[in-house]
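Here is what each chain is made of, one letter per residue.
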Amino acid sequence: MALRKIVTVTGGNGGIGYETVKALLGSDKPYHILMGSRSLDKANAAIETLHSECPGAANTVEPVQIDLTCDESIETAFKQVEASHGRIDVLINNAGKYRVSLSQRIPSEVIH
């Protein structure tokens, strides 16, 4: 039996991150997916939906609470992963936050 690769997908409970987790979950290659999410409730709901969409998937997924805008959250997630798995083989950094300051506003002619 091949060793499962530990794959972390930040922002894994929605959008492109969710679809990435879904593809990995349904893959015939051995993966254990860590679904990064700011909210464990949202991650658990997404995982429940994934199990209904990918019945019989051989791969596994677990939630990891992480907010990439908070150093304490990152440290807590790191310690959790280190204690339970000891490694991450692949990181898919999908989470992000985009802020526009007043000096960087999009000109109105671009919006129209």
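Residues numbered from 1 in each chain as written. Predicted model: local features only at pLDDT ≥ 70, side-chain atom pairs only at ≥ 80, totals over all residues. Heavy atoms only, no water.

## A closer look at the nonpolar core
Cut-off, in case you're wondering: Residue types Ala, Val, Leu, Ile, Met, Phe, Trp, Tyr and Cys, when buried and joined through side-chain atoms within 4.5 Å, form a set referred to as a nonpolar core. For each residue, the accessible area found with a 1.4 Å probe, counting protein chains only, is set against the maximum for its type, and the residue is called buried under 20%, exposed over 50%, and partly exposed in between. Strands are runs of DSSP state E lasting at least 2 residues, helices are runs of H or I lasting at least 4, and numbering of each runs from the N terminus.
Counting 15 residues, the largest nonpolar core has Val21, Ile33, Met35 and Val61 as the members making the most contacts within it. Mapped onto this core, the elements with two or more residues apiece are β1 (5-10), α1 (15-25), β2 (31-37) and α2 (40-53). Residues Ile6, Leu34, Val64 and Ile66 belong to the second largest nonpolar core, which totals six residues.

## Topic: the confidence of the model for the protein chain
Going by this rule: Values of pLDDT, the confidence the predictor places in each residue, fall between 0 and 100.
Taken as a whole, the protein chain shows an average pLDDT of 89; of its residues, 84% reach a score of 70 or greater. Mean pLDDT in the protein chain bottoms out at helix α4 (residues 108-111), which sits at 50, and peaks at β2, which reaches 98.

## Regarding the environment of Thr60
Which entries qualify depends on this criterion: We call two residues in contact whenever any of their non-hydrogen atoms come within 4.5 Å of each other. Whenever a nitrogen or oxygen atom comes within 3.5 Å of another N or O atom, the pair is scored as a polar contact, on the condition that within protein one atom can donate a hydrogen and the other can accept it, and that pairs from neighbouring residues in sequence are kept only if both atoms are in side chains.
Within the secondary structure, Thr60 sits in strand β3 (residues 60-65). Look at Thr60 and you get partly exposed, because its relative accessible area is 30%. In sequence terms Thr60 and Leu25 are 35 residues apart; their C-alpha atoms lie 6.4 Å from each other. Beyond its immediate stretch of four places on either side in the chain, Thr60 contacts Arg4, Leu25, Tyr31, His32 and Ile33. Of note is the side chain of Thr60, whose polar atom sits 2.4 Å from the side chain of His32.

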